[in-house]
Amino acid sequence: MPDPRRSTPRTDTVLADPRLRQASDRLGSALVKAVVADALDRCRAGLVPPGSVADAAVAALPATATTLRRVINATGVLVHTNLGRAPLSAAATDAVRMAAGASDVELDLVTGRRGRRGEGALTALQARVPKAGGVHVVNNGAAALSLVTMVLTRRPTGAGGTVVIARGELVEIGDGFRIPELLESVGARLREVGTTNRVRLEDYASALDEDTAFVLKVHPSNFTVTGFTSSVPVSELARLGVPVVVDIGSGLLAPHPRLPAEPDAATALRDGASLVTASGDKLLGGPQCGLLLGNAELVERLRRDPFARALRVDKLTLAALEATLIGPESPVAVALGRRVEALRVRAHDLTDALPPELRAEVVDSDGAVGGGGAPGVTLPSCAVALPARLATALRAGDPPVVGRIMEGRLLLDLFAVAPEEDADLVAALTAATIAGRANGSGPT
Ligand SMILES: *Cc1c(COP(=O)(O)O)cnc(C)c1O
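Keep in mind that what you see is a predicted model, and the values were worked out from it rather than measured.

Parameters and conventions
Residues numbered from 1 in each chain as written. Predicted model: local features only at pLDDT ≥ 70, side-chain atom pairs only at ≥ 80, totals over all residues. Heavy atoms only, no water. Pairing = 2+ DSSP bridges. Helix = DSSP H or I, 4+ residues; strand = E, 2+ residues; numbered from the N terminus. Axes fitted to C-alpha atoms, helices over the stretch in contact; angles between N-to-C directions. Near = heavy atom within 4 Å. Polar contact = N/O pair within 3.5 Å; in protein donor to acceptor, adjacent residues only side chain to side chain. Nonpolar A, V, L, I, M, F, W, Y, C, P; charged D, E, K, R; others polar. Buried < 20%, exposed > 50% of the residue type's maximum accessible area, 1.4 Å probe, protein only. Right-handed = clockwise from strand over helix to strand, strands pointing away. Contact = heavy atoms within 4.5 Å.

**Side note on the sheet that holds strand 6 (residues 189-193)**
The strands making up a sheet associate through hydrogen bonds between their backbones, and the pairing can be parallel or antiparallel.
For step 1, the next point in the chain: Here we have seven strands laid out as an open sheet, ordered 2-10-9-8-7-3-6, and mixed in their pairing. What marks the edges here is a single partner per strand, and that holds for strand 2 (134-138) and strand 6. Between one strand axis and the next, the sheet turns by 25 degrees as a mean value, whatever way the strands run.
For step 2, the next point in the chain: As judged from the four bridges shared by strand 7 (residues 212-218) and strand 8 (residues 244-249), these two strands associate in the parallel manner. Its bridge partner lying in strand 8, Leu216 is registered against Val245.

**Let's talk about the site of the ligand**
For step 1, the next point in the chain: Near the ligand you find 15 residues, and of these Arg85, Ser221, Asp247, Ser279 and Lys282 are the closest.
For step 2, the next point in the chain: Here an oxygen atom of the ligand sits 2.8 Å away from a polar atom, N or O, in the main chain of Ala142.
For step 3, the next point in the chain: With respect to the ligand, the side chain of Lys282 contributes an N or O atom lying 2.7 Å from an oxygen atom.
For step 4, the next point in the chain: Put simply, the parts of the chain that give the shell around the ligand at least two residues each are helix 8 (141-153) and strand 8.
For step 5, the next point in the chain: Considered class by class, the residues forming the shell around the ligand number five nonpolar, seven polar and three charged.

**Thoughts on the pairing of strand 9 (residues 275-279)**
For step 1, the next point in the chain: In terms of burial, strand 9 is a largely internal element, five of the five residues being buried.
For step 2, the next point in the chain: Of the two faces of strand 9, both are covered, the one formed by Leu275, Thr277 and Ser279 as well as the one formed by Val276 and Ala278.
For step 3, the next point in the chain: Pairing between strand 8 and strand 9: four bridges, direction parallel. Across the sheet, Val245 pairs through a bridge with Leu275, a residue of strand 9.
For step 4, the next point in the chain: Regarding the hand of the β-α-β motif, the stretch spanning strand 8, helix 12 (residues 265-270) and strand 9 is right-handed.
For step 5, the next point in the chain: Bridging between strand 9 and strand 10 (residues 290-294) involves five bridges; their strand directions are antiparallel.

**Structural notes on the environment of Val232**
For step 1, the next point in the chain: With respect to the helices and strands, Val232 occurs in the loop between strand 7 and helix 11 (234-237).
For step 2, the next point in the chain: Classification of Val232 by relative accessible area gives buried; the value is 3%.
For step 3, the next point in the chain: Apart from the residues lying within four places of it in its own chain, the contact partners of Val232 are Val199, Arg200, Leu201, Tyr204, Lys217 and Leu237.

If you want it as structure tokens, here you go:
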């Protein structure tokens, strides 16, 4: 056996391969060098024959110059925070690619003068929610709420104004992000009313004084309280005579028939909210951004505030948002409209296409909106059940597939998987099975 270290090609020789030279132009030479160095290491370890180092490096090149990978979301959670929330539509993706170059994001091409930044996206948002006198877009839902709170509670001297909020709506969104802490971090004082499970209009009314900046209603977007409960609807809060800000969280612009309990911007404004805040990348199905809708003068005040600049969205976001608002249904909306019968047919087709040794089985499952929307709502879905040990190999595959483990089995839930991805799922599972055979591990 010849010593692989002696026959390992030189780095320069491998890098001279035309495919790798092209890759350097496309992905950057640092990235290609690192991939080649890794292939050379594998050659020295005897894992790659010396004559195949360039081939191995080409095969290991990433598609783009980012460590982010496209993932197939087979978790059954539609808006998955760890997977980047809403997947963008093809229309939004095309818009992002176009806007990536120089674009007229802040230029009026007719007059040649400066234009309103993101005019198209803002007009599209307002058209979708005609009740909103004004609209503005910032970086995310938390930024929208921060801007409202900072501007409306700001006082020339002394402590900031108070935000009146029900104790049952002091929500932690996730990863330690707590709405009350956010409000305090921008200078607001909280005036908590009611108890964990119940609050009445009188509780709010008796908390109001000259320090009150606004009443805040927050959608408890990731939990439900059942039993002896009561909360005060926006229509009643609107009678208190102070601004009512509603953080609907999930970003439905209008009621959704499959999610009857989920709040939406149009209804909140019709019921008398002064302002509504929401995320753009939850149920709206768009890019990460924060939507502000409502009273025209208030929105203008927020937009003109110096701090608004620190929360400004970029051209890519504006392009994707506009395309989401005016383009075809977003992938999130399409998934919400899918019937379980259709999912079941796909699950059977998938199962039939898989290596029999996997003993894949079609099972009914519960899909969820996730990501701070429709808490407690399960949507009937269908999954392919597989041996749990496949989870690791599938996450390491190309593209990686993320499912969920339930009762000792790996479920690949089709609720959030587009039909176009089914072929990739079969390929990923077949590759994982072959890798499993090579490792000598059985199907269970
Ligand atoms: C998700 C959510 C937020 C935070 O929005 P981000 O876009 O994640 O910043 C705030 N409030 C509610 C009710 C939410 O559901």
